[in-house]
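Spelled out from the first residue to the last, the chains are:
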Number of protein chains: 2
Amino acid sequence: MREDLTVRGTRDYYPEVYSRLGHIMDAWRRTALAYGFEEFDGPVIETLDLYRIKSGDEITGQLYHFTDKGGRELALRPELTPTVARMVAKILREAPKPIKWFSIPRCFRYEKPQKGRLREFFQFNVDIIGEEEGLSDVETMGVAIDSLLRLGLKEDDFVVKINNRDFVSVFFRDAGIGEKDERELYKIIDNAPKVPPEVTDERIGDLGIDGKQKQALDEYLGIKNIEDLERMKYSNPGKESLLAVFSHIQAAGFGPYCALDVTVVRGLDYYTGTVYEIFDKGERMRAICGGGRYNHLLREFGGLEVPACGFGMGDVVLGDILEKRGLLPEYEKKVDYFLVRISEDQLPVLLETARTLRKKGHTVEYAYRPTSVKKQMAKASKAGAASALIFGREEMEEKSVRVKDLRSGEEKTLPLADIFAE
Amino acid sequence: MREDLTVRGTRDYYPEVYSRLGHIMDAWRRTALAYGFEEFDGPVIETLDLYRIKSGDEITGQLYHFTDKGGRELALRPELTPTVARMVAKILREAPKPIKWFSIPRCFRYEKPQKGRLREFFQFNVDIIGEEEGLSDVETMGVAIDSLLRLGLKEDDFVVKINNRDFVSVFFRDAGIGEKDERELYKIIDNAPKVPPEVTDERIGDLGIDGKQKQALDEYLGIKNIEDLERMKYSNPGKESLLAVFSHIQAAGFGPYCALDVTVVRGLDYYTGTVYEIFDKGERMRAICGGGRYNHLLREFGGLEVPACGFGMGDVVLGDILEKRGLLPEYEKKVDYFLVRISEDQLPVLLETARTLRKKGHTVEYAYRPTSVKKQMAKASKAGAASALIFGREEMEEKSVRVKDLRSGEEKTLPLADIFAE
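Position numbers for residues start from 1 in each chain and track the written sequence from start to end. Think of it this way: whatever chain is written first is A, whatever ligand is written first is 1, and the rest follow in order. Totals for whole chains, interfaces and linings use all residues, but because this is a predicted model, local features are given only for residues with pLDDT of at least 70 and pairs of side-chain atoms are given and counted only at 80 or more. The basis for every side-chain value is the complete set of non-hydrogen atoms in the structure, without hydrogens or water.

**Observations concerning the overall build of chain A**
Note the threshold: Numbered from the N terminus, helices here are DSSP runs of H or I no shorter than four residues, and strands are runs of E no shorter than two. Using C-alpha atoms as the atom set, the radius of gyration is obtained and then compared with a globule rule of 2.2 Å times the number of residues to the power 0.38. Only protein chains enter the accessibility calculation, which uses a 1.4 Å probe; a residue whose area is less than 20% of its type maximum is buried, one above 50% is exposed, and one in between is partly exposed.
Looking only at helices and strands, chain A features 17 helices and 17 strands. A globule of 422 residues ought to have a C-alpha radius of gyration of about 22 Å, yet chain A, at 28 Å, is considerably larger. Taken over the C-alpha atoms alone, chain A extends approximately 95 × 55 × 50 Å along its principal axes. Looking at chain A as a whole, 59% of its 422 residues qualify as buried.

Shown next, in the form of structure tokens:
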């Protein structure tokens with residue numbers, strides 16, 4: 001036997017694996033369609049330049065990239081947002097707004113494969129382009145939440161943690177910190193829930209900020225829920241937007257799934273207002289989904305300045321969570337009819353019947369080689385067929401067929417015409 | 001505006017493009033499922049070694065390949081068969097036979113983009129593994145034929161040209177030619193229908209064969225249909241197999257779509273018995289699909305020797321043909337309900353209604369910003385919604401809603417409960 005030639009970090013989607021992936025994709029697709037989103041896709045291969053325009057270092061360092069035989073620098077897409085920006089830029093002037101698009105692209109990242117992270121994965125992408133902050137942000141969260149509920153997850157299983165980048169940045173600017181250390185500050189805030197408070201304190205100390213600024217930072221990290229935010233005397237447009245988003249969340253019935261979390265800032269450069277992440281509430285609190293508003297991104301791609309928001313949700317972590325909770329259906333091949341022939345004389349009528357039933361959408365199988373009725377019946381059972389249709393000499397003369405229900409064992413003779421009418 | 005960053009030979013699948021692709025994929029998928037095939041997929045990235053094992057030069061010269069950061073030589077799959085062989089080799093011993101699999105992989109070839117050929121494309125792959133020549137070959141042809149018929153093509157639009165590699169090779173071996181010149185001979189035969197007879201004659205002359213061998217070759221090229229083959233006194237197992245396949249084709253009702261064509265030999269090294277190609281009957285006679293039997297391929301991938309057959313059908317030529325014949329449906333975004341509010345007071349009940357209807361699978365939209373009823377109604381029309389549900393103060397008090405059918409213009413007031421029960 002040769003060595004295993006499968007590329008590390010990729011998967012072989014055998015039918016039972018593919019069916020679980022299909023179950024997840026189906027929930028994503030149905031939810032997005034019910035919300036009025038249109039499905040699209042882009043190529044897997046993009047120019048490397050596309051990712052040079054705006055992606056954070058974290059992404060570009062993890063690209064699969066190469067030079068083709070014509071000397072072009074190309075990359076396998078690590079995410080869909082740059083493709084969305086490129087495609088929307090071409091049609092933005094003419095297209096009716098808002099543009100509501102979704103996709104389930106296959107993406108690639110060259111990173112160390114581990115539980116929840118693979119080099120080839122699928123990602124549910126949902127975007128609204130051409131709409132200001134407010135209900136549209138809640139609409140994208142709604143697609144994420146309702147798709148998780150459709151997959152069987154419950155209020156106890158996940159939480160949407162929401163924040164607003166404008167609120168954070170203006171708050172710190174007003175407090176006199178963050179202009180030059182914004183990136184470093186975001187890293188500290190982002191890490192705060194994952195490390196002991198003294199580590200966060202030490203990191204804040206390293207920022208070299210004065211006592212008053214330190215106090216503002218402590219006040220910020222002290223905001224634990226939406227009520228804390230409401231009570232806060234300080235205000236800026238990002239805060240007001242956050243409060244409006246939460247009121248829409250309540251109105252739409254998403255309250256039980258959502259929480260304000262001021263440590264959510266999202267690593268990527270391109271987010272501007274609302275940001276959110278969905279976490280598994282299990283012991284490991286893994287991120288299932290990340291999204292937010294990216295109002296300046298399209299301009300960078302040669303398009304117009306246009307408000308936009310959206311999210312990405314991968315299949316790998318979500319698949320693990322669903323599997324752990326027993327929410328992925330067992331794979332079962334569905335066969336409606338297995339056709340059995342007493343002798344090869346019946347083959348023509350069997351083949352004709354197979355084709356007629358298949359055209360009507362039934363799944364039909366039969367033995368490809370002449371074999372005994374007993375063996376054909378065994379094959380029918382093994383295939384998990386619901387019924388066997390048995391073609392014998394007598395039946396053929398009467399244009400009828402013997403029907404055996406393979407679950408109940410019940411048998412009857414029916415005219416072929418009745419079977420076709422089913 | 002920046003230069004267009006789309007990679008040459010790839011497509012941007014805008015919703016209207018994606019929907020046409022989806023229409024083709026849906027026909028492929030439904031047909032394969034009705035025939036009892038199971039859907040699977042493999043990774044887009046494979047090791048370059050996988051293609052070195054067995055693919056003809058034609059394929060390996062057209063690969064997108066590169067070395068990853070870990071020094072591994074990788075390639076983007078140009079076709080699915082090597083992946084099928086690799087995956088089946090892992091499970092062949094345990095799996096019940098025959099294995100009946102289909103897939104619609106995204107594939108990549110680095111070749112000059114032109115009408116009908118792109119660098120990124122989709123290909124319908126159908127394979128039966130673990131079954132000897134005969135009905136199973138006809139079964140795969142049936143999937144190809146019935147999927148084309150489902151897409152609206154007719155008997156006048158396409159033809160399945162069938163031959164048998166064993167018949168050809170043994171015929172020429174028995175005639176004393178072909179042992180060392182087999183490859184060259186296949187090229188001449190394959191090209192015979194595309195060039196004037198004198199060119200074929202000249203090429204045959206260059207082979208350096210004697211008069212008797214030349215006569216055999218002329219006799220071979222003189223076989224124009226299955227009746228000619230039946231009448232031929234010479235026989236070999238490949239010929240008998242071809243006759244059996246044609247008798248199954250007749251029995252299954254595929255006769256009108258199929259023809260014997262001895263010039264079909266298929267370029268790739270791995271075909272062994274039955275081979276076929278489906279051609280558009282239009283002026284350009286483009287190949288839509290190619291398939292056949294490949295009984296030795298799995299052994300090469302470290303598996304067992306196992307009989308197998310299958311085909312591949314790309315989306316690009318087929319899409320062009322369907323478009324030319326007006327068989328691709330017009331894209332139309334489907335919206336069931338557009339929800340309209342008299343004032344923002346009705347927003348909570350509107351959002352709740354939207355969510356309830358969406359959960360039931362209806363497509364629902366509404367305006368994301370406060371705007372006049374007139375403008376909301378205009379949006380509803382523009383979205384192509386079937387009905388508008390209008391929420392006013394009075395209606396809210398009575399837990400009812402005004403329903404306007406946007407096609408007939410008819411209006412009525414209904415309890416919300418009735419809408420939810422729909």
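**Digging into the relation of the copies chain B and chain A**
Two copies of a chain can be linked by a rotation about an axis combined with a shift along that same axis. Put simply, the rule is: The copies are overlaid by a least-squares fit using only the C-alpha atoms of residues whose pLDDT is at least 70 in both copies. Only heavy atoms enter the contact rule, under which two residues are in contact if any of them lie within 4.5 Å.
For the pair chain B and chain A, the superposition axis carries a translation of 0.0 Å, the fit reaches an RMSD of 0.1 Å, and the rotation angle comes to 180°. Each copy turns onto its partner about a two-fold axis. Among all residues of chain B, the minimum C-alpha distance to the rotation axis is found for Phe66 of chain B, at 3.0 Å. Most of the interface of chain B is mirrored in chain A, where 100% of its interface residues again form contacts.

**So, the sheet that holds strand E4 (residues 73–76) of chain B**
All names here are of chain B. This is how it is decided: Two strands are said to pair when DSSP picks up at least two bridges between them. To get an axis, fit a line to the C-alpha atoms, keeping to the stretch in contact for a helix; angles then go from 0 to 180 degrees between the N-to-C directions.
With respect to topology, 3 strands assemble into an open sheet ordered E2-E4-E3, the strand pairing being antiparallel. The strands lining the two open edges of the sheet, one partner per strand, are strand E2 (45–47) and strand E3 (64–67). For this sheet the average axis-to-axis angle between neighbouring strands, irrespective of direction, equals 35°. Note: E3 against E4, 4 bridges, orientation antiparallel. Its bridge partner being in E4, Thr67 is matched across the sheet by Glu73.

**Observations concerning helix H7 (residues 182–191) of chain B**
Residues and elements named next belong to chain B. Test applied: Throughout, the arc means the angular range of directions from the helix axis out to the C-beta atoms.
Every buried residue of H7 is accounted for by Leu185, Tyr186, Ile188 and Ile189. The buried residues of H7 occupy one face: seen down the axis, they fall within an arc of 160°. Every exposed residue of H7 that faces more than 90 degrees away from the buried side is listed here: Arg183 and Lys187. Its buried side turned inward, H7 meets helix H6 (165–174), helix H8 (197–206) and helix H9 (211–221).

**Notes on the environment of Lys399 of chain B**
Residues and elements named next belong to chain B. Summarising the element assignment, Lys399 is placed in the loop between helix H16 (393–397) and strand E16 (400–405). A C-alpha to C-alpha distance of 5.9 Å links Lys399 and Leu416, two positions 17 residues apart in sequence. If we ignore the near neighbours within four places in the chain, the residues touching Lys399 are Pro415 and Leu416.

**Re the pairing of E4 of chain B**
All names here are of chain B. Pairing of E2 with E4, which is carried by 3 bridges, proceeds in the antiparallel orientation. Bridge pairing links Thr47 to Leu74 in E4. Taken together, E3 and the strand that follows it, E4, pair antiparallel across an intervening segment of 5 residues, in which Gly71 is found at a positive phi of about 85°.

**Digging into the interface of chain B and chain A**
Selection rule: Note: buried area is the sum, over both parts, of the accessible area (probe 1.4 Å) each one loses when the two are combined. We define a salt bridge as a side-chain nitrogen of Lys or Arg found within 4 Å of a carboxyl oxygen belonging to Asp or Glu. Contacts described as polar in this section are N or O atom pairs within 3.5 Å, which, within protein, must combine one atom able to donate a hydrogen with one able to accept it, while residues neighboring in sequence count only if both atoms come from side chains. Charged means Asp, Glu, Lys or Arg here, nonpolar means Ala, Val, Leu, Ile, Met, Phe, Trp, Tyr, Cys or Pro, and polar covers whatever is left, Gly included.
In this complex, chain B contributes 100 residues to the contact, which on the side of chain A involves 100 residues. In terms of surface lost to chain A, no three residues of chain B exceed Leu5, Arg355 and Tyr368 of chain B, which account for 10% of the buried area on that side. In this structure, the connection of chain B to chain A is made through 14 salt bridges. Asp12 of chain A is the partner of Lys90 of chain B in a salt bridge, and the nearest nitrogen-oxygen pair spans 2.9 Å. Counting the contacts that link chain B with chain A gives 50 residue pairs in polar contact (both at pLDDT 80 or more). Across the side of chain B that touches chain A, the residue classes tally to 45 nonpolar, 17 polar and 38 charged.

**With respect to the nonpolar core**
Residue and element names in this part refer to chain B. Note the following rule: We call a set of buried Ala, Val, Leu, Ile, Met, Phe, Trp, Tyr and Cys residues a nonpolar core when their side-chain atoms join them within 4.5 Å.
By size, the foremost hydrophobic cluster in this structure holds 93 residues, and its most contacted members are Phe124, Phe158, Tyr220, Met313 and Leu318. Among the elements that take part in this core, helix H5 (residues 135–150) stands out by supplying 8 residues, more than any other. Excluding residues that lie within four positions of it along the chain, Met313 makes contacts with Trp28, Phe122, Gln123, Phe124, Ala144, Ser147, Leu148, Ile288, Cys289 and Leu318.

**A closer look at the packing of helix H8 (residues 197–206) of chain A against helix H9 (residues 211–221) of chain A**
Residue and element names in this part refer to chain A. Rules: The hand of a helix crossing depends on one turn: near helix anticlockwise from the far one by less than a right angle means left-handed, and clockwise means right-handed.
Between H8 and H9, the shortest axis-to-axis distance is 11 Å and the interhelical angle comes to 145°. Remark: the crossing between H8 and H9 carries right-handed chirality. Taking contact as the criterion, the partners of Thr200, Asp201 and Ile204 in H8 are, on H9, Lys214, Leu217 and Leu221. For the contact of H8 with H9, a count of residues per class yields 3 nonpolar, 1 polar and 2 charged.

**With respect to the sheet that holds strand E13 (residues 335–341) of chain A**
Residues and elements named next belong to chain A. An order of E14-E13-E15-E16-E17 is seen for the 5 strands of this open sheet, with the pairing classed as mixed. Two strands bound the open sheet, and with one partner strand each, they are strand E14 (364–366) and strand E17 (411–415). Across the sheet, the mean angle from the axis of one strand to that of its neighbour is 30°, orientation sign disregarded. Pairing between E13 and E14: 3 bridges, direction parallel. Its bridge partner lying in E14, Phe338 is registered against Glu365. Sheet strands in contact with helix H14 (residues 347–359) are E13, E14 and strand E15 (385–391), and its direction is about 160° off that of E14. Sitting on the sheet, helix H15 (residues 373–382) is in contact with E13, E15 and strand E16 (400–405), with an inclination near 175° to E13.

**Some details on the domain arrangement of chain A**
Using the following cut-off: Domain limits in this description derive from either an automatic procedure or a database domain assignment.
With domains assigned, chain A is organised as domain 1 (3–324) and domain 2 (335–420). With centres defined by C-alpha atoms, the gap from domain 1 of chain A to domain 2 of chain A works out at 53 Å.

**Some words on the packing of aromatic side chains**
Residue and element names in this part refer to chain A. To keep it simple, the criterion reads: For Phe, Tyr and Trp, where Trp contributes only its six-membered ring, two rings pair if their centres lie within 6.5 Å, and the inter-plane angle classes them as stacked under 30 degrees, edge-to-face over 60, or tilted in between.
In this structure the tally under the stated criterion is 33 aromatic pairs over all chains. Summarising the aromatic geometry, the rings of Phe40 and Trp101 are spaced 4.6 Å apart at their centres and angled 35° between planes, so their arrangement reads as tilted. Note that Phe40 is positioned in the loop between strand E1 (38–39) and strand E2 (45–47) and Trp101 in strand E5 (residues 99–103), a separation of 61 residues in sequence. Residue class for Phe40 comes out buried when judged on its relative accessible area of 1%.

**Concerning unusual backbone geometry**
Comment: phi is negative for the bulk of residues other than glycine, and the bulk of peptide bonds are trans. Residues and elements named next belong to chain A. Residue Lys97 is joined to Pro98 through a cis peptide bond whose omega torsion reads -10°. Structurally, Pro98 is set in the loop between helix H4 (81–91) and E5. Located in the positive-phi region is Lys399, a residue other than glycine, with phi close to 50°.

**Here's the deal with the pairing of E13 of chain A**
All names here are of chain A. As a reminder of what qualifies: Note on handedness: a crossover is taken as right-handed if, strands pointing away from the viewer, the path from the first strand over the helix to the second is clockwise.
Among the 7 residues that make up E13, 7 are buried, leaving the element largely enclosed by the rest of the structure. Judged from the 6 bridges that link them, E13 and E15 form a sheet pairing that is parallel. Residue pairing across strands places Phe338 opposite Ala388, the latter belonging to E15. What joins E13 to E14 is H14, and the crossover it makes is right-handed.

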